[in-house]
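A closer look at the structure
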Amino acid sequence: MPTDDYEAFQEAVLRVMHLDLRLYKREQMERRLRAYGQQHGFSDLKQLAKALGSEAALPQQLLSYLTIHVSEFFRDPRFFEQLRALLPQLPGAPHALRVWSAGCSIGAEAYSLVMLLSEERPGQPYQVLATDLDDQSLDKARRGLYREEELRQVDLGRRRRYFAAEGKEFRIRPDLQRSITFRHHDLLADPYPAEQDLILFRNVAIYFTEEAKDQVLHGLARSLAAQGILMVGSTEAILRPQDYGLRQVRPFFFVRV
Ligand SMILES: C[S@@+](CC[C@H](N)C(=O)[O-])C[C@H]1O[C@@H](n2cnc3c(N)ncnc32)[C@H](O)[C@@H]1O
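Once a new chain begins, its residue numbering starts again from 1 and follows that chain's sequence as written. The predicted origin of the model limits local features to residues at a pLDDT of at least 70 and limits the giving and counting of side-chain atom pairs to 80 or more, whereas totals for whole chains, interfaces and linings rest on all residues. Each side-chain value is derived from all of the structure's non-hydrogen atoms; neither hydrogens nor water enter the calculation.

Here we come to the pairing of strand E10 (residues 253-256). By the convention used here, strands pair only if DSSP detects at least 2 bridges between them. Comment: elements are numbered from the N terminus, with helices defined as DSSP H or I runs of at least four residues and strands as E runs of at least two. Strand direction decides the pairing type here: strand E8 (residues 224-232) and E10, joined by three bridges, are antiparallel. Following the sheet pairing, Ile229 is matched in E10 by Val255. Inspection of the sheet shows strand E9 (residues 246-250) paired to E10 by four bridges, in the antiparallel sense. Bridge pairing in E10 links Leu246 to Arg256.

So this is what it looks like as structure tokens:
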């Protein structure tokens with residue numbers, strides 16, 4: 001039995017949205033939820049929970065509000081420089097490299113990776129899967145149309161090579177768009193893909209509880225092929241890589257042992 005209005009709300013979210021809020025840090029989630037309620041004229045979480053069952057568009061709106069989607073191309077460029085240096089170590093042709101951008105948001109991370117692959121491993125086959133919980137972000141990723149500020153870290157050469165200007169925005173080259181499979185996936189509930197050579201898991205676990213983060217890291221490590229590489233962000237620091245069968249090779253890079 002729920003003991004307070006937040007717990008009752010968690011139950012409603014699980015029932016209607018299939019999202020388990022118990023796996024996210026309560027303080028941050030509750031603060032955001034109450035702010036959302038106030039901004040949209042709900043007097044309390046009880047009323048918001050009730051509306052979840054009756055207002056068709058509300059679950060997706062709330063999900064997009066609760067999850068943070070900030071992203072950009074080559075976010076934290078030094079990470080991508082380190083990744084570039086590791087790419088030659090990954091299995092080459094005829095093996096099609098399997099890459100997974102887990103928590104891809106608007107797709108900028110996956111597209112940045114594909115640019116690096118085409119520069120560092122020209123002509124070598126790859127399959128890139130990019131997944132997220134939020135369908136609005138995935139729609140934007142599939143559309144491939146970006147604002148200038150999302151391209152802050154993209155130099156002029158790459159802008160010319162990989163984008164076409166469209167009004168004030170920039171459209172990603174269609175062949176890059178076709179090379180990525182964008183798919184809805186909940187890291188806290190859905191089965192993981194197998195035999196991945198490289199997984200990018202960055203800036204996603206920030207609101208996960210420690211238990212949820214631990215569960216996800218075990219899952220990601222199991223998803224790696226032998227010698228596969230897991231790249232994390234600063235919010236996903238892995239203190240005891242050996243607990244997951246991983247070995248640290250650079251500050252934010254781990255290899256499956
Ligand atoms: C801040 S963005 C990070 C995007 C990209 N990885 C980057 O570093 O730029 C975090 C993303 O994690 C997604 N996310 C949060 N919880 C998730 C879950 N349980 N399963 C899959 N994605 C999730 C959010 O929807 C959001 O798009």
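From this point, the discussion proceeds with the structure in view.
Turning our attention to helix H5 (residues 77-86). Residues of H5 that are buried: Phe79, Phe80, Leu83, Arg84 and Leu86. All buried residues of H5 lie within an arc of 160° about the axis, which places them on one face of the element. Any two residues having at least one pair of non-hydrogen atoms within 4.5 Å are treated as being in contact. Those residues of H5 that are buried lie in contact with helix H6 (108-120), helix H8 (156-162), strand E7 (196-201), E8, E9 and E10. Throughout, exposure labels follow a simple rule: accessible area from a 1.4 Å probe, protein chains only, divided by the maximum for the residue type, with under 20% read as buried, over 50% as exposed, and the rest as partly exposed. Note: the arc covers the axis-to-C-beta directions of the helix.

Turning our eyes to something else, we now look at the packing of aromatic side chains. Working definition: an aromatic ring pair is given by the centre-to-centre distance plus the angle between the planes. Pairing of aromatic rings covers Phe, Tyr and Trp, the last through its six-membered ring, and needs centres within 6.5 Å; plane angles under 30 degrees mean stacked, over 60 mean edge-to-face, and all others mean tilted. Counted by the stated rule, this structure contains 10 aromatic pairs. Aromatic side chains Phe73 and Tyr146 sit 4.8 Å apart centroid to centroid with 85° between the ring planes, which places their arrangement in the edge-to-face category. Of this pair, Phe73 sits in the loop between helix H4 (58-66) and H5 while Tyr146 sits in strand E3 (residues 145-146), and the two are 73 residues apart along the sequence. Accessibility classification places Phe73 together with Tyr146 in one group, the buried group. Here the aromatic rings of Phe73 and Phe163 are separated by 5.2 Å at their centres, their planes lie at 85°, and the arrangement is edge-to-face. In this pair, Phe73 is assigned in the loop between H4 and H5 and Phe163 in strand E4 (residues 163-166), connecting sequence segments 90 residues apart. In this structure Phe163 comes out as buried when scored by relative accessible area, which is 8%. One aromatic cluster is present, built from ring pairs that chain together Phe73, Tyr111, Tyr146, Phe163 and Phe182. In this structure, Arg32 packs its charged tip against the face of Tyr65, placed 4.8 Å from the ring centre. Any Lys NZ or Arg CZ found within 6 Å of a ring centre and within 35 degrees of that ring's normal is scored as a charge over the ring. A cation over a ring is seen here: Arg159 above Phe170, with NZ or CZ 5.7 Å from the ring centre.

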